[in-house]
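Chains, contacts and geometry: an overview
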Amino acid sequence: MSSQVHVRDSDNLNVPSDQASGITNGYKTDIQVYPSTSACSFGSFTIVDIKPMNVFVESVVLNFNVSAISGITGGTPYLLPACFWCSRIDLCINDTVIDSFVDTSIFWAHQLFSLSDEQRSITNYGMGIYNSTSQMNGLASTTSDYFVELWALFRQTHVPICFPTHNIQLRIYMKSLSDVFVANGGTGTASATINSCSAIVKQTRMTSQEVSNWVSNIQKIPRHLRFYETRYQIISQPSGVSNGQYLLTSLSGASCDFLCFAIRAGSTGVNLIQYTALSNFDILDAGGQSLTGGSQVSAARNNRLHSKYFTNTTYLVENSNNNVYCFAFSHDPVISNNLAPSNENFYRFTGGESLKITYTSSLANAVEIFVFATCRSALSMSPSKVTKISI
């Protein structure tokens, strides 16, 4: 066994070098709560302004406090997991939209990119466990808190906030209650009130020396922080076909790390968490050549092998309705979407690429195909502005 290099750490202990790294003495991690600027309700638009100073922002979690559902008799009614309550969330820095998230992209990111099933379970418990009617009904039966962590650049890089112009804003577009309420045997007209909406921000306060260094460096030259942005596309498919080929227009020009999709009967209620199985699929370049390796990907291969290659969780196999089909162009999309390293592979979509699907039979009803991808980007920060760079 080779000898290790030892160094003196901040406690004056002579330790291996890999134990000497850590947060410099003087840093402090804390959690701040930023309420929405106006009352939040289903079917409305609201804003949360996050205005810390001299901190690294590490995570942002939306917290909704919601009254019990009223107006329903019988059954076990519930609300879908809280990530599905928002039709879109725009993450802005200095009034520039850096990334946009939709209900399904938030949900799938946690199900597929969590480092473990244990981590995923805790997240699901906070926003509503999608496959536990009893837990979701329990939350909806009394005034409850729901927590939705945004799978945003803060998971992949700690964003320094040192200038007043670097304020963060969440623009939240809420769905109507009827879109996310499931009667599940109950009758009547549901009613529920969002009592409050806020952002819970985990942050590390910089030392005065760190603030001085960041300010000095950014004033000299813009600083760049890698992250993976969200791309998505919704494709409508009428009934009466047994296969289809669909242009992936939303990915044109993007350097894609990971792509997944699902077929669903609609965009309300349980359709958002229960997906239709297919026979096989492929991703084709503009010339019609396969990007997945030359052969179509069967449902069995996706569920039993791609779930091992491209995720660290059992989401794809824990439920017969979890028919999400995925392919990664990077070596390890879980690491990519947690750390945004520079050495991961990718595929650059140049235009004309398509998704080819063979259904299990001719479609009896119209469906929609939701496509979600994570793509390489960078944040460019200067004293006066913040912009997004696609790389």
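From a predicted model like this one, the values you see are computed outputs, not experimental measurements. (Residues numbered from 1 in each chain as written. Predicted model: local features only at pLDDT ≥ 70, side-chain atom pairs only at ≥ 80, totals over all residues. Heavy atoms only, no water.)

**Description of the packing of aromatic side chains**
For the record, the criterion: By convention, a stacked pair of Phe, Tyr or Trp rings (six-membered ring in the case of Trp) has centres within 6.5 Å and planes under 30 degrees apart, an edge-to-face pair has planes over 60 apart, and any other such pair is tilted. Helix numbering and strand numbering both begin at the N terminus, where a helix is a DSSP run of H or I of at least 4 residues and a strand a DSSP run of E of at least 2. For the exposure calls, accessible area comes from a 1.4 Å probe over protein chains only, and a residue counts as buried if that area is under 20% of its type's maximum, exposed if over 50%, partly exposed in between. Either the NZ atom of lysine or the CZ atom of arginine qualifies as a charge over a ring when it sits within 6 Å of the ring centre and within 35 degrees of the ring normal.
Tallied over the full model, the rule gives 25 aromatic pairs. Judged by centre distance (5.0 Å) and plane angle (50°), the rings of Phe84 and Phe107 are tilted. With a gap of 23 residues between them, Phe84 in the loop between β7 (78-79) and β8 (86-93) and Phe107 in helix α1 (residues 103-113) connect regions that are remote in the sequence. The class for Phe84 is buried, based on a relative accessible area of 0%. The exposure class of Phe107 is buried, given its relative accessible area of 1%. Pairing Tyr347 with Phe349 gives two aromatic rings, centres 5.0 Å apart and planes at 85°, and the pair type is edge-to-face. Across this residue pair, the class does not change: Tyr347 and Phe349 are buried. Three or more aromatic residues link up through ring pairs in this structure, and these residues are Trp108, Phe113, Trp151, Tyr232, Phe258, Tyr275, Phe370 and Phe372. Seen from the ring of Trp151, Arg155 lies directly overhead, with NZ or CZ sitting 3.6 Å from the centre.

**Observations concerning the side chain of Asp282**
Put simply, the rule reads: His is not counted, nor are the chain ends, whereas Lys and Arg count as positive and Asp and Glu as negative. We count a salt bridge whenever a side-chain nitrogen from Lys or Arg sits within 4 Å of a carboxyl oxygen from Asp or Glu. Two residues qualify as a contact provided that any one of their heavy atoms is within 4.5 Å of a heavy atom in the partner residue.
As for its position among the elements, Asp282 is in strand β19 (residues 278-284). Buried and unpaired, Asp282 has no salt bridge, with Lys356 as the nearest side chain of opposite charge at 6.7 Å. Every residue in contact with Asp282, bar those within four places of it in the chain, is listed here: Ser290, Leu291, Thr292, Ser295, Gln296, Ser354, Leu355 and Lys356.

**Let's talk about the pattern of salt bridges**
Under the definition given, this model contains 11 salt bridges. Between Arg171 and Asp95 there is a salt bridge, with the nearest N and O atoms lying 3.6 Å from each other. In this pair, Arg171 sits in strand β12 (residues 168-174) while Asp95 sits in the loop between β8 and β9 (96-101), placing the two residues 76 residues apart along the sequence. Residue Asp103 pairs with Lys175 through a salt bridge whose shortest N-O separation is 2.4 Å. Taken together, the positions of Asp103 in helix α1 and Lys175 in the loop between β12 and α5 (177-180) put the pair 72 residues apart, joining distant regions of the chain. With a relative accessible area of 7%, Asp103 lands in the buried category. The network of salt bridges with common partners includes Asp117, Arg120 and Glu318.

**Examining the sheet that holds strand β23 (residues 354-359)**
Threshold: Any two strands with at least two DSSP bridges between them are considered paired.
Spatial ordering of the open sheet is given by β17-β23-β19-β20, a layout of four strands whose pairing is antiparallel. Edge strands, defined here as strands with exactly one partner in the open sheet, are β17 (243-247) and β20 (297-298). For β19 and β23, the ladder comprises six bridges, and the chain directions are antiparallel. From the neighbouring strand, Asn280 faces β23, where its bridge partner is Thr358.

**A short note on the packing of α1 against helix α2 (residues 117-127)**
To keep things clear, this is the line we draw: For helices, the fitted axis covers only the stretch in contact; all axes are lines through C-alpha atoms, and the angles between them, taken along N-to-C directions, range from 0 to 180 degrees. Angles below 35 degrees are treated as roughly parallel, those above 145 as roughly antiparallel, those between 65 and 115 as roughly perpendicular, and all remaining angles as oblique. The handedness criterion is simple: a crossing whose near helix is rotated anticlockwise from the far helix by less than a right angle is left-handed, and one whose near helix is rotated clockwise is right-handed.
At a minimum axis distance of 9 Å, the contact between α1 and α2 shows a crossing angle of 150°. Our classification of the angle between α1 and α2 gives roughly antiparallel. Crossing hand, α1 versus α2: left-handed. Contact with α1, carried on its side by Phe107, His110 and Gln111, involves Arg120, Thr123, Asn124 and Met127 of α2 and no other residues of that element.

**Notes on the environment of Gly293**
Relative to the assigned elements, Gly293 resides in the loop between β19 and β20. For Gly293, a relative accessible area of 69% translates into the label exposed.

**Some points on the environment of Ser390**
The criterion, for reference: We call two N or O atoms a polar contact when they sit within 3.5 Å, provided that within protein one can donate a hydrogen and the other can accept it, with sequence-adjacent residues counted only if both atoms are side-chain atoms.
Looking at the secondary structure, you find Ser390 in strand β25 (residues 386-390). When the C-alpha atoms of Ser390 and Cys92 are compared, they prove to be 16 Å apart, with 298 residues separating the residues in sequence. Ser390 has contacts with Glu229, Arg231, Arg376 and Ser377, leaving out every residue within four places of it along the chain. Engagement of the side chain of Ser390 in a polar contact is seen with the side chain of Glu229, the distance being 3.4 Å.

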